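The residues making up each chain are set out below.
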Amino acid sequence: MHEDLISRNESSFNYFINNAGASPYNKTETLEMFEDGIMSYTEKKTWGFYDVLICKTIFKNDTVSKIALVGQKDNTYNNLALYVTNHDTPLKLSGKTSIFGQIKVPNGQTEQAYINGQEGNTIQLKGAHLKSADKLPSIDKNVQIDVTKYKPFSLDAFDEKPVIVNAFDSATKVIDLADTGVLRNLVCKGNIVLTSNSAIKIANTAKLNDVIISAPVVHIMSGFKGNVQVVAKDSVVIEEHVSLLYPSSIYIKNDDGPSSVTLGDYSTIAGGIVIDGDTFSGALNRTLKIQENATVIGNIYCYGKTQLKGKVIGSIYSDKFFLKTRSSSYENVILNGIINRDSLPKHFIELPLFKNDFNERKYAVVKEF
Amino acid sequence: MILMKENMPLLKNFKQLKASSIIESVIAISIISVCALVAFTIYLNVIRQNKSTHYFNAKHNIALLTQESVKAKDYNDNIYAYSGYTVAKKVTINKTEHTVLLVFTIDYGGKTHVINKLINYDEE
């Protein structure tokens, strides 16, 4: 019966999600759950920062499947609100800065700074202060989008107002946006990679859900609302009033030249932002700017310098902080920034960044498709 | 007499009606046979299940018990008595695989059915 098959597939999926750490990527494995001849077929794929687990159970002519985007849960390593690398420069807080949660900062201390002749500061700190090391903890994640094995489609192959939907148990659809200019009126959902060798500019009339955008430069225009994972090389600019819904992320890995991410005023991203590289010299060219009233829910990891004027609900790991005003620049200063680890919901599935020594990756469902 | 006269053409036509040929009869019988076979197969499938309403009630309750076990992290054996049937829950925890096997045995009128469910093991 179909109902029994759904129940069986659910059991198989529960087994798979708890033991998927050892499963190889992109390989279908067979699973006989209760030794009665009914087989389930499982497959693990990467999808940006996250993994996609596919579980299908087949009996006679009936097939039931469950596909879910999964992330890492219970990351005991990543329980800090703030980490700033110790470069012998103390972290200075200014204005109405609040930090709730355990922090690791140079020498385990913070100082106050008075910027632009302010009369007083209202600093709120809650949580233990620990000493940070002279190196940012390295992350165990390298997001790579390999589109070479798929045949790319051009947008010209679709209608004027294309609606493209692709399931995660099908082959990935790659859409080459070369020479598209500004991407408007496109509806994309699912297992789709939008790629370009130059820059991609996305207007607020585009509806993107669960897709990956891969290009050297990505620019998301004001008013856009969607669910995307951006993998860029040089820069990502998020204009004002953009909502990147959970689970969305921005990833840049660059050692060759300057790279930057800017989150504009009143914009929100739920998921995380990662700017990474292999060399310390490259870190001097990597910048992250969280503008006023912008919010990041999740994790920020910046192997470079960060200017925080907005709000982070979750954690932020940054090599350095900086503040640039009209008159001058300051090193390791946070002005009017808010970091609140305590407000992050207990069951929030964070970006799987750090290696967990206690057990293999413990997966939890981020989203079911 | 008038009535008879009026009915005469009808009677005449009736006499001229031809009987079905043997081929037509065979085709008709074949179609009826196929329909009967299909109906009988469906009927047999329904009969073969031979499960009482207790079984379906129990299945519904097992779904609820599974949800409760997940929610309350209840990994203990138990026996649940319902009107007309009982459900025994046997739990096997596999800490290595982070899973819990729930084996539900439905007992009604001397018949037993086993339903297996595998859920996540939450250590917290």
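Scoring rules and cut-offs
- Residues numbered from 1 in each chain as written.
- Chains lettered and ligands numbered in written order.
- Predicted model: local features only at pLDDT ≥ 70, side-chain atom pairs only at ≥ 80, totals over all residues.
- Helix = DSSP H or I, 4+ residues; strand = E, 2+ residues; numbered from the N terminus.
- Buried ≥ 20, exposed ≤ 12 C-beta atoms within 10 Å, placed from the backbone.
- Contact = placed C-beta atoms within 7 Å.
- Rg over C-alpha atoms; globule rule 2.2 N^0.38 Å.
- Expected span 1.5 Å × (residues − 1).
- Pairing = 2+ DSSP bridges.
- Axes fitted to C-alpha atoms, helices over the stretch in contact; angles between N-to-C directions.
- Domains from an automatic or database assignment.
- Nonpolar A, V, L, I, M, F, W, Y, C, P; charged D, E, K, R; others polar.

A.B. asks: Teacher, can you tell me more about the overall build of chain B here?
C.D. replies: Of the regular secondary structure elements, chain B holds three helices and four strands. The secondary structure elements of chain B, listed N-terminal to C-terminal, are α-α-α-β-β-β-β. Relative to its 124 residues, chain B shows a buried fraction of 11%. For chain B, the proportion of contacts with a sequence separation of at least 24, taken over those separated by at least 6, is 37%.

A.B. asks: How should the overall build of chain A be read in this particular structure?
C.D. replies: Tallying secondary structure elements over chain A gives two helices and 30 strands in all. Computed over its C-alpha atoms, the radius of gyration of chain A comes to 22 Å, within 12% of the 21 Å expected for a compact globule of 369 residues. Its C-alpha atoms give chain A principal-axis dimensions of about 75 × 50 × 35 Å. The buried share of chain A, reckoned over its 369 residues, is 46%. In chain A, the proportion of contacts linking residues at least 24 apart, taken out of those at least 6 apart, comes to 48%.

A.B. asks: So what exactly am I meant to see when it comes to helix α1 (residues 2-19) of chain A here?
C.D. replies: Every α-helical turn comprises 3.6 residues, leaving residues that sit three or four positions apart pointing alike. Compared with the 26 Å implied by 1.5 Å per residue over 18 residues, the 26 Å span of α1 of chain A between its first and last C-alpha is a close match. Taken together, the buried positions of α1 of chain A are occupied by Ser7, Arg8, Asn9, Ser11, Ser12, Phe13, Asn14, Tyr15, Phe16, Ile17 and Asn18 of chain A.

A.B. asks: Would you mind going over the sheet that holds strand β2 (residues 39-47) of chain A with me for this structure?
C.D. replies: All names here are of chain A. Taken together, the five strands give an open sheet; going across it, the order is β1-β2-β3-β4-β30, and neighbouring strands pair in antiparallel fashion. Two strands close off the open sheet at either side, each with one partner strand: β1 (29-32) and β30 (363-368). Between one strand axis and the next, the sheet turns by 35° as a mean value, whatever way the strands run. Examined bridge by bridge, β2 and strand β3 (residues 50-59) share nine bridges and lie antiparallel to one another. Within β3, the position partnered with Trp47 by the bridge is Tyr50. Of the strands in this sheet, β1, β2, β3, β4 (62-72) and β30 are in contact with α1, which crosses β3 at around 145°.

A.B. asks: I'm lost on the environment of Ile103 of chain A in this one. Help?
C.D. replies: Residue and element names in this part refer to chain A. By the element assignment, Ile103 lies in strand β8 (residues 103-105). Assessed through the 25 C-beta atoms surrounding it within 10 Å, Ile103 is described here as buried. C-alpha of Ile103 to C-alpha of Val218: the two residues are 115 residues apart in sequence and 32 Å apart in space. With near-sequence residues (within four places) excluded, Ile103 lies in contact with Leu80, Ala81, Leu82, Gly127 and His129.

A.B. asks: I'm lost on the domain arrangement of chain A in this one. Help?
C.D. replies: For interface size, the figure often reported is the accessible area lost on association. Residue and element names in this part refer to chain A. Domain boundaries in chain A define domain 1 (2-74) and domain 2 (82-352). Per element, the largest residue contribution to the side of domain 1 that touches domain 2 is five residues, and it comes from β4. Taken together, the residues of the side of domain 1 that touches domain 2 break down into six nonpolar, four polar and one charged.

A.B. asks: Teacher, can you tell me more about the environment of His2 of chain A here?
C.D. replies: Residue and element names in this part refer to chain A. Relative to the assigned elements, His2 resides in helix α1. A tally of 9 C-beta atoms within 10 Å means that His2 is categorised as exposed. Separated by 60 residues in the primary sequence, His2 and Asp62 place their C-alpha atoms 7.3 Å from one another.

A.B. asks: Honestly, the interface of chain B and chain A in this entry has me stumped. Any pointers?
C.D. replies: With eight residues of chain B at the contact, the number on the chain A side is eight residues. With five residues, the top contributor of residues to the side of chain B that touches chain A is strand β4 (residues 111-120) of chain B. Residues belonging to the side of chain B that touches chain A are distributed by class as follows: two nonpolar, four polar and two charged.

A.B. asks: What is the right way to look at the domain arrangement of chain B in this model?
C.D. replies: We note that the domain assignment places domain 1 (20-50) and domain 2 (53-120) within chain B. For domain 1 of chain B versus domain 2 of chain B, the separation of C-alpha centres amounts to 42 Å.

A.B. asks: For this particular structure, what's the right way to read helix α2 (residues 22-49) of chain B?
C.D. replies: Residues and elements named next belong to chain B. Helix length check: α2 (28 residues) gives 41 Å between terminal C-alpha atoms against 40 Å at 1.5 Å per residue, within 8%. Counting buried residues along α2, only zero of its 28 residues qualify, which leaves the element largely exposed. A positive phi of about 45° marks Asn50, the residue just after α2.

A.B. asks: Looking at this structure, how should I read the sheet that holds β4 of chain B?
C.D. replies: Sheets are built from strands that pair by backbone hydrogen bonding, the pairs being arranged parallel or antiparallel. Strand order in the open sheet made by the four strands is β1-β2-β3-β4 (chain B), with antiparallel pairing throughout. Strands at the two margins of the open sheet, each flanked by one partner only, are β1 (78-82) and β4 of chain B. Strand-to-strand twist across the sheet, computed as the mean angle between neighbouring axes with direction ignored, equals 20°. With five bridges joining them, β1 of chain B and strand β2 (residues 85-94) of chain B adopt antiparallel strand pairing. Among the inter-strand pairings, Ile79 of chain B is bridged to a residue of β2 of chain B, identified as Ala88 of chain B. Across the face of the sheet, α1 of chain A comes into contact with β3 (99-108) and β4 of chain B while running at roughly 35° to β4 of chain B.

A.B. asks: Help me out: how do you make sense of the pairing of β2 of chain B in this one?
C.D. replies: Residues and elements named next belong to chain B. Between β1 and β2, which pair antiparallel one after the other, the connecting turn spans two residues, and Gly84 there sits at a positive phi close to 95°. Note: β2 against β3, nine bridges, orientation antiparallel. Across the sheet, Ala88 pairs through a bridge with Thr105, a residue of β3. The antiparallel pairing of β2 with β3 creates a hairpin that spans four residues between the two strands, and His98 there sits at a positive phi of about 55°.

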